[in-house]
Amino acid sequence: MSLYSEYLNEIETRKEQGLNPKPIDDGALTSEIIAQIKDTGNAHRADSLQFFIYNTLPGTTSAARAKADFLKEIILGEVEVAEIAPAFAFEQLSHMKGGPSVEVLLDLALGADAGIAAEAAEVLKTQVFLYDADTARLKEALDAGNAVAKDILESYSDAEFFTKLPEIDEEIEVVTYIAAEGDISTDLLSPGNQAHSRADRELHGKCMISEAAQKEIEALKIKHPEARVMLIAEKGTMGVGSSRMSGVNNVALWTGKQASPYIPFVNYAPIVAGTNGISPIFLTTVGVTGGIGVDLKNWVKKVDENGDVILNNDGNPILEQKYSVETGTVLKINTKSQKLYAADSGEELVDMSDSFTPQKQEFMKAGGSYAIVFGKKLQTFACEALGIPLKSAFAPSKEISHEGQGLTAVEKIFNANALGVASDAPLHAGSDVRVKVNIVGSQDTTGLMTMQELEAMAATVVSPIVDGAYQSGCHTASVWDLKAQANTPRLMKFMNDFGLVTGRDPKGVYHSMTDVIHKVLNDITVSDWDIIIGGDSHTRMSKGVAFGADSGTVALALATGEASMPIPESVKVTFKGTMADHMDFRDVVHATQAQMLEQHGDNVFQGRVIEVHIGTLLADQAFTFTDWTAEMKAKASVCISNDETLIGSLELAKSRIQIMMDKGMEHDNGTLARLIAKADERIAEIKSGTKPALVPDASAKYFAEVVVDLDAINEPMIADPDVNNIDVSKRYTHDTIRPISYYNAEKKVDLGFVGSCMVHKGDIKIVAQMLRNLEAAEGSVEFKAPLVVTAPTYNIIDELKEEGDWDVLQKYSGFEFDDAAPKQTARTEYENILYLERPGCNLCMGNQEKAAKGDTVLATSTRLFQGRVVADSETKKGESLLGSTPVVVLSAILGRTPTVEEYKTAVEGIDLTKFAPPKKAPIDSLSVHY
């Protein structure tokens, strides 16, 4: 059967699902389609033309290669196609976004036919996705005296590819659609359990919110044809939980603009809003697509005559509506005044200046951030090639410097990595700059989209300025089903060919390493001055500063080694008092959230960097805190360690990297060896005193400060989704932190989960030791609820086997993962036993394994949203409560939450994570601008 026949069969299957033909990325299929176009009598010719013109993916796909070559033949007159005149062929090349299309345009522009060369040059002047090989050809032609090359470069030096674009509309009419009340997790927009379909944009779009919501949105578009639909989180924050490019893609698919008539199902520029704005990482993703994020502030706290906030019976502030945004409300955004207005009365509703910074307006004008990043590089190159001064067509980096004010830790890191800065003055929060990215991570459920983005921007190799890049397999580790078997190997091959160290070896030398991506990135980050970008919101490292990002920003970082973002404000977190022996560090993490709210009323962490002075806590344990900061709605976190602790963490990182090398994971480009050498260099700097561990300046300015009182933490705490709160906006947030005694040992637990990125080796050892203790006291251990244990990495399992802990776990397990025969179907029912699962995300991700509907799950993970670990049944809401490892283990054994006394007895003699605040304030670092 021909590839075309197979494609027709696939089309019929998709019709049954209400889907259009899948966009074509295969060059061999495209070649068959081209042959049928050339055959004027072919029965499939008309359809083939439609597929070729409107359904072939651009960039560096093999289909784009075949399409570009055929369009070149048409332009040169080697082939005549009545429906595709040379002018139309040029138009299609202009929409193909680089790679083979730019190569063909350069061939034509630098060719012998002057007429064709002039036409090709005009198209090239609109292109920005040029790489070193492309610009080298232009430079070579310029040096050889080629007038066309000079003309193109002069256009690039004036950035005409940007300046000649239409300006953004002065007024944008919008019609509102309330997606939900309360915080909206990106799981509502792009459910984790549908991760397998993210690369198929049309199919994945069908999972956004609900079919009913999609019909309502379509009806609004018909009723208000001149308006854009604005998706709203009423009484909440939009896009919490993750960056989720697929979520933004889905919103854009239903409410945005089509990027090109020749590229199917790629839309951009969605408008999203929330009463409390947009989650920081999700807002970054909205900006990538040239979209608009709106902080509505349409509900405010009610105050009495004295100006004091009025509380309800639950102690929560009473909110009153400032203005309505109920579904169907027509509003107007004025991009010049940068305000939101009521369409009927013209009343000003809210200031939107934060939505229209010069940089964001450039993204909107260019159709996304990629074109701006590449455009800046292209203009700079052209000016250098022509030997003329650069007069940037773009908004300058926003450089804010306060004389005499010291730097926070994140400000120091940004200053050290800033690119293209005009002044030597130190930059403070609010500055908007380009920065070098040191470490980049891609995970497997977003990796396929990152792969598409890299193909679309015509990138072929990881930037040489990136120190290390890793592709994980952790999000699809638990079930090796047909979807994973189809997607994972091709993702790993693409990324390995691109230059990343990969969790699965395309050459089959080492078996699949499904280690949790955050743990691997934490190990391969070998400097406290690094900037890390990762395709997951939990990209939070104990060294350097890490930002969870969408798949596109990850692709951009891989291709260019850069990112553009404002320097965030910081909140300083310090500790006082003494940590009780029976408390786990996870309780310190919960206490930080609870005490912050007590001290400040509002979540001062949201959108800011948490600078946590953790001092003596090694990387694995410190990661527990940084990992949780994603759920605090923080933009990032920075750990302040003393010299000795940082050296210990770097030595640990070196040993882990060496194990990766021993297992055969080193890339041909020598990534891992270079990282070890970099770690050695950093250790030498610390030991010599030439560059001590990173600390902020004593005169640094913070948005707020939080002091965590360890003495106040006297019993385990649980983050509760509070699913029955009368105020919908209070459900599924991480702000409800309750002591274990709140539950009176009456809260039934249906499933316990110890995993995945929030735990380290010490947590798994705690599980083993609790089993030993209970066995010694009771003679045996009986589980009244299932307990799923998922170690984050294979290294941890190897070490547990050497130290004797794995034997104890095996003794009580009713299931142990087998890499030689991985599960091919997800578990649907659980027995009251211990399950030892494969390293990876497991239940936390919600895309493969799940608890039964309506279950109450107590977990060490981070996600308490609907659609993750749990789902509602017809009679009961699913609950995902989050706590420490010992609380989870004991609750699974008891089948309920324990009393404080039961808990203390169970952990007696167990070496829980110890933490003591630094005995003295960190010494001020030298005011040296590295």
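Residues numbered from 1 in each chain as written. Predicted model: local features only at pLDDT ≥ 70, side-chain atom pairs only at ≥ 80, totals over all residues. Heavy atoms only, no water.

## Let's talk about the confidence of the model for the protein
For the record, the criterion: Note: pLDDT gives the predictor's confidence per residue, expressed from 0 to 100. Contacts are assigned to residue pairs that have any heavy atoms within 4.5 Å of one another.
Summarising the model, the protein shows a mean pLDDT of 92, and 98% of its residues fall at 70 or more. For the stretch residues 921-930, pLDDT sits under 50, and the model shows 21 contacts to residues farther than four places along the chain or on other chains.

## A look at the environment of Val604
Here is the rule: By definition, any uninterrupted DSSP run of H or I lasting at least four residues is a helix, any uninterrupted run of E lasting at least two residues is a strand, and each is numbered from the N terminus. Between buried and exposed lies partly exposed: a residue is buried under 20% and exposed over 50% of the maximum accessible area for its type, with that area taken using a 1.4 Å probe on protein chains only.
Structurally, the position occupied by Val604 is in the loop between helix H23 (585-600) and strand S23 (609-615). Since its relative accessible area comes to 7%, Val604 is described here as buried. Spatially, the C-alpha atoms of Val604 and Leu407 are 19 Å apart, while their sequence positions differ by 197 residues.

## Remarks on unusual backbone geometry
The omega torsion of the bond from Gly755 to Ser756 falls at -10 degrees, within 30 degrees of zero and hence cis. The residue Ser756 is located in the loop between strand S28 (751-754) and helix H27 (761-778) in this model. Within the chain, Lys97 stands out as a residue other than glycine whose phi angle is a positive 60 degrees. If you trace the backbone, Lys97 turns up in the loop between helix H5 (86-94) and helix H6 (100-109). The class for Lys97 is partly exposed, based on a relative accessible area of 28%.

## Observations concerning the side chain of Glu849
The following threshold applies: Counted as a polar contact is a pair of N or O atoms within 3.5 Å, where, for protein atoms, one must be capable of donating a hydrogen and the other of accepting one, and residues adjacent in sequence contribute only when both atoms are in side chains.
The topology assignment puts Glu849 in the loop between strand S31 (834-837) and strand S32 (856-859). The class of Glu849 is buried, set by a relative accessible area of 0%. A distance of 2.8 Å separates a polar side-chain atom of Glu849 from the backbone nitrogen of Arg827. Non-local contacts of Glu849, meaning those with residues more than four positions away in its chain, are made with Ser478, Val479, Lys823, Ala826, Arg827, Tyr830, Glu837, Asn842 and Leu843.

## A short note on the sheet that holds strand S24 (residues 636-641)
Which entries qualify depends on this criterion: Only when DSSP finds a minimum of two bridges between them are two strands counted as paired. Note on method: axes are straight lines fitted to C-alpha atoms, helices fitted across the in-contact stretch only, with angles between N-to-C directions ranging 0 to 180 degrees.
Pairing in this open sheet of four strands is parallel, and the strands run S24-S23-S22-S25 from one edge to the other. Only two strands of the sheet have a single neighbouring strand rather than two, namely S24 and strand S25 (704-709). Each strand of the sheet is rotated relative to its neighbour by a mean of 25 degrees, with strand direction disregarded. With six bridges connecting them, S23 and S24 associate as parallel partners. When the sheet's bridge partners are listed, Val609 is paired in S24 with Ala636. Across the face of the sheet, H23 comes into contact with strand S22 (570-576), S23 and S25 while running at roughly 130 degrees to S25.

## Let's talk about the sheet that holds strand S3 (residues 228-234)
Read from one edge of the open sheet, seven strands run S8-S7-S3-S1-S11-S12-S13, paired in mixed fashion. Only two strands of the sheet have a single neighbouring strand rather than two, namely strand S8 (292-295) and strand S13 (348-351). Each strand axis lies, on average, 30 degrees off the axis of its neighbour in the sheet, ignoring direction. Pairing between strand S11 (residues 330-334) and strand S12 (residues 339-342): four bridges, direction antiparallel. Looking across to S12, one finds that Ile333 is bridged to Leu340. Of the strands in this sheet, strand S1 (171-181) and S3 touch helix H13 (residues 211-223), which is tilted by about 160 degrees from S1.

## Some thoughts on the packing of aromatic side chains
The relative placement of two aromatic rings is captured by the distance of their centres and the angle of their planes. How we decide: Each aromatic pair joins two rings of Phe, Tyr and Trp (for Trp, the six-membered one) with centres within 6.5 Å, and gets the label stacked for planes under 30 degrees apart, edge-to-face for over 60, and tilted for any other angle.
Per the counting criterion, the structure on display carries 17 aromatic pairs. Ring centres 5.3 Å apart and planes at 75 degrees place the aromatic pair Tyr7 and Phe51 in the edge-to-face group. Placement of the pair is Tyr7 in helix H1 (residues 3-16) and Phe51 in helix H3 (residues 45-54), with a sequence separation of 44 residues. Between the aromatic rings of Tyr742 and Tyr743, the centroid separation amounts to 5.1 Å while the plane-to-plane angle is 80 degrees, which identifies the pairing as edge-to-face. The exposure class assigned to Tyr742 is partly exposed, which follows from its relative accessible area of 47%.

## Digging into the pairing of S3
Of all seven residues in S3, seven are buried; the element is thus mostly enclosed. In S3, alternate side chains face the same way, and those of Arg228, Met230, Ile232 and Glu234 on one face and Val229, Leu231 and Ala233 on the other are all buried. As paired strands, S3 and strand S7 (residues 271-274) are joined by four bridges and run parallel to one another. From the neighbouring strand, Ala233 faces S7, where its bridge partner is Gly274.

## Some words on the side chain of His428
Along the chain, the position of His428 falls in the loop between strand S14 (418-419) and strand S15 (432-436). Of the polar contacts made by the side chain of His428, one reaches the backbone oxygen of Gly406; its length is 3.2 Å. In this view, His428 contacts Ile400, Ser401, His402, Gln405, Gly406, Leu407, Glu411 and Ile567; residues no more than four positions away in its chain are not counted.

## Concerning H13
Let me state the cut-off plainly: To estimate the expected span of a helix, subtract one from its residue number and multiply by 1.5 Å. Note that the arc is computed from the directions linking the helix axis to the C-beta atoms.
Taking 1.5 Å per residue, 13 residues should reach 18 Å; H13 reaches 18 Å between its end C-alpha atoms and fits that length. Residues of H13 that are buried include every one of Ala213, Gln214, Ile217 and Leu220, and no others. Seen along its axis, H13 keeps its buried residues to an arc of 120 degrees; they face one direction. Exposed and oriented more than 90 degrees from the buried face of H13 are Glu211, Lys215, Ile222 and Lys223. Summarising the contacts, the buried residues of H13 are in contact with S1, helix H12 (201-205), S3 and helix H14 (245-255).

## Some remarks on the environment of Lys257
By the secondary structure assignment, Lys257 is in strand S5 (residues 257-258). Owing to a relative accessible area of 34%, Lys257 belongs among the partly exposed residues under this scheme. Beyond its immediate chain neighbours, meaning those up to four positions away, Lys257 contacts Arg228, Ala252, Val266, Asn267, Tyr268 and Ala269.

## Considering the nonpolar core
To keep things clear, this is the line we draw: The definition of a nonpolar core used throughout is a set of buried Ala, Val, Leu, Ile, Met, Phe, Trp, Tyr and Cys residues joined through side-chain atoms within 4.5 Å.
Within the largest apolar cluster, 112 residues are counted, with the highest numbers of intra-cluster contacts made by Ile84, Tyr156 and Met457. Broken down by element, this core gets its largest block of residues, nine residues, from helix H17 (residues 369-386). Those residues in contact with Ile84, other than ones at most four positions away along the chain, are Leu49, Phe52, Ile53, Leu71, Ile74, Ala89 and Gln92. Counting residues in each nonpolar core, the second largest holds 77 residues, with Val754, Met770, Phe783 and Val789 among its members.

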